[in-house]
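Letter by letter, the chains look like this.
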Amino acid sequence: MKTDPLEIDPNAPDWFRHAIAQPVHSRFLEVAGCRIHYLAWFDPDAKNENAPARPGLLLIHGGGAHANWWRFIAPFFMATNRVCAIDLSGMGDSGNRNIYQPETWTSEVEAVLHDAGLYPRDADIIKTKPLIVGHSFGGFMAMKFGAETRLPLGGTVIVDSPVQDPTDIPLPEPAASSRTAPPIYPDQATALSRFRLMPEQPCENSYITDFIAQTSIKECKGGWTWKFDFQVMGSRRFGEPYRVELKALKGRAALIHGQKSAIVSPRTVSYMSKLMGPTAPVIEIPEAHHHVMLDQPLAFISTLRALLDTWSRNPE
């Protein structure tokens, strides 16, 4: 069971405190020679044949982020779903690789779905096909997994991941890191003071960013450093044919985006909607920037709950 010696902002609202206080299991498994970590808001080892079937829900973080970005979101789905959040390799508490490839990350997604038991028994397959939610870079991984998997999926929700019209000026590729080693800060306070959202944006909910900052660093020899490999961010991040994969998504799909997102423009939203088809919901969260669940967490939770409830009432 995961416990955190973290400081929660005294001004944090009760809903946030309650969510963070929910028990969560920290688990590891080996995938292609790398130790992969994930969080589960249920006990994956518990076998209860009499329990009502609940579909699995796997949450995938953005680039350089980690599973704890979902800690204040996931508990709101515990009553209806078996919820997990993955640390992709090179990020969070997962191990690092010499080379990072999208197909390796999606193999990690599949491995966690199996390890957590999120694939249903045959008798429950219609009602309990797992759902995937991915934010930003995690949305790209959700698209690739959903397009290529041979396993049944209940739906894929993409959160502010930009798939641009090929006639548009492309987004700039992230610069490859020139570092040969991660930065090391002399103390925890210095490391926390260097935390920034990428792309940079305002966020009024400092109680959330303070929590994420604390879960984004680790103690190391000589001080404190980040919980991600700097080589991750320059590794074919936008090189995949995501427009092809978005169009090829199996099962249902939806797009949630921030009204003020710096990377998902109205033109991009329109293009993605065409690729997904006329029945795929496209939902804008007012006053939200790219990091939708940080800016407007309750609106994001309500939107996602309503979407998944609609899907559960009308299973494919």
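Residues numbered from 1 in each chain as written. Predicted model: local features only at pLDDT ≥ 70, side-chain atom pairs only at ≥ 80, totals over all residues. Heavy atoms only, no water.

(A) Looking closely at the environment of H37. Note that H37 resides in strand β2 (residues 34-40). By relative accessible area, which is 1% here, H37 ends up buried. Residues H37 and G92, 55 residues apart in the sequence, show an inter-C-alpha distance of 7.9 Å. Aside from chain neighbours lying at most four places away, what touches H37 is S26, R27, F28, I86, D87, D93 and S94. Among the polar contacts made by the side chain of H37, one reaches the side chain of S26 at a distance of 2.6 Å. (Helix = DSSP H or I, 4+ residues; strand = E, 2+ residues; numbered from the N terminus. Buried < 20%, exposed > 50% of the residue type's maximum accessible area, 1.4 Å probe, protein only. Contact = heavy atoms within 4.5 Å. Polar contact = N/O pair within 3.5 Å; in protein donor to acceptor, adjacent residues only side chain to side chain.)

(B) Structural view of the pattern of salt bridges. Enumeration over the complete set of coordinates arrives at nine salt bridges. Salt-bridge contacts for R267 lead to D165; the nearest nitrogen and oxygen are separated by 3.8 Å. Of the two residues, R267 sits in helix α7 (residues 266-276) while D165 sits in the loop between β6 (155-159) and α4 (188-193), which places them 102 residues apart along the sequence. Overall, the relative accessible area of 48% leaves R267 in the partly exposed class. When its relative accessible area of 18% is taken as the criterion, D165 is described as buried. The structure contains a network of salt bridges with shared partners spanning R27, D45 and D115. (Salt bridge = Lys/Arg side-chain N within 4 Å of Asp/Glu carboxyl O.)

(C) Summary view of the sheet that holds strand β1 (residues 25-31). Spatially, the eight strands line up as an open sheet ordered β1-β2-β4-β3-β5-β6-β9-β10, and their pairing is mixed. Lying at the two open borders of the sheet, with one neighbouring strand each, are β1 and β10 (282-285). With strand direction ignored, the average angle separating the axes of adjacent strands in the sheet is 20 degrees. Two elements, β6 and strand β9 (residues 253-258), share four bridges in a ladder whose sense is parallel. Looking across to β9, one finds that I158 is bridged to L255. Its contacts with the sheet put helix α2 (residues 102-115) on β1, β2, β3 (56-60), β4 (82-87) and β5 (131-135), and the angle it makes with β1 is roughly 125 degrees. Sheet contacts for helix α9 (residues 297-313): β3, β5, β6, β9 and β10; angle to β6, the most-contacted strand, approximately 160 degrees. (Pairing = 2+ DSSP bridges. Axes fitted to C-alpha atoms, helices over the stretch in contact; angles between N-to-C directions.)

(D) Expanded view of the packing of aromatic side chains. Applying the stated rule across the entire model yields 13 aromatic pairs. Look at W15 and F16: their rings are 5.8 Å apart centre to centre, the planes differ by 90 degrees, and that puts the pair in the edge-to-face class. Grouping residues by exposure puts W15 and F16 together as buried. Measuring from centroid to centroid gives 5.7 Å for F16 and F72, while their planes differ by 40 degrees, and the two rings are tilted. Separated by 56 residues along the polypeptide, F16 in helix α1 (residues 14-20) and F72 in the loop between β3 and β4 bring together distant segments of the chain. Judged by its relative accessible area of 0%, F72 falls in the buried class. By the ring-pair criterion, three or more aromatic residues cluster together here, those being W15, F16, F72, F76, Y207 and F211. Residue placement shows R35 over the ring face of F28; its charged tip is 3.7 Å from the ring centre. (Phe/Tyr/Trp six-rings, centres within 6.5 Å; stacked < 30°, edge-to-face > 60°. Lys NZ or Arg CZ within 6 Å of the ring centre and 35° of its normal.)

(E) Seen up close, the environment of L246. Residue position: L246 is located in helix α6 (residues 242-247). Taking the C-alpha atoms as reference points, L246 and K144, separated by 102 residues in sequence, lie 7.6 Å from one another. Not counting the four nearest positions on each side in its chain, L246 is found in contact with M143, I158, V163, M272, L275 and M276.

(F) How the structure looks around the nonpolar core. Core analysis: the biggest nonpolar cluster contains 49 residues, and F16, F72, V157, F300 and L304 have the highest contact counts within it. Counting residues in each nonpolar core, the second largest holds 46 residues, with C34, I60, L255 and V269 among its members. (Core = buried A, V, L, I, M, F, W, Y, C linked by side-chain atoms within 4.5 Å.)

(G) Broad picture of the side chain of S136. Along the chain, the position of S136 falls in the loop between β5 and α3 (137-148). Ignoring any residue separated from it by four or fewer positions in sequence, one finds S136 in contact with G62, V159, D160, S161 and H290.

(H) Unusual backbone geometry, seen in detail. For the bond running from M198 to P199, omega is -5 degrees, close enough to zero to count as cis. For P199, the position within the fold is in the loop between α4 and α5 (206-214). Within the chain, S136 stands out as a residue other than glycine whose phi angle is a positive 55 degrees. Phi angles above zero are rare outside glycine, and D160 is one such case at about 55 degrees. Along the polypeptide, D160 turns up in the loop between β6 and α4. Residue classification places D160 among the buried residues on the basis of a relative accessible area of 0%.

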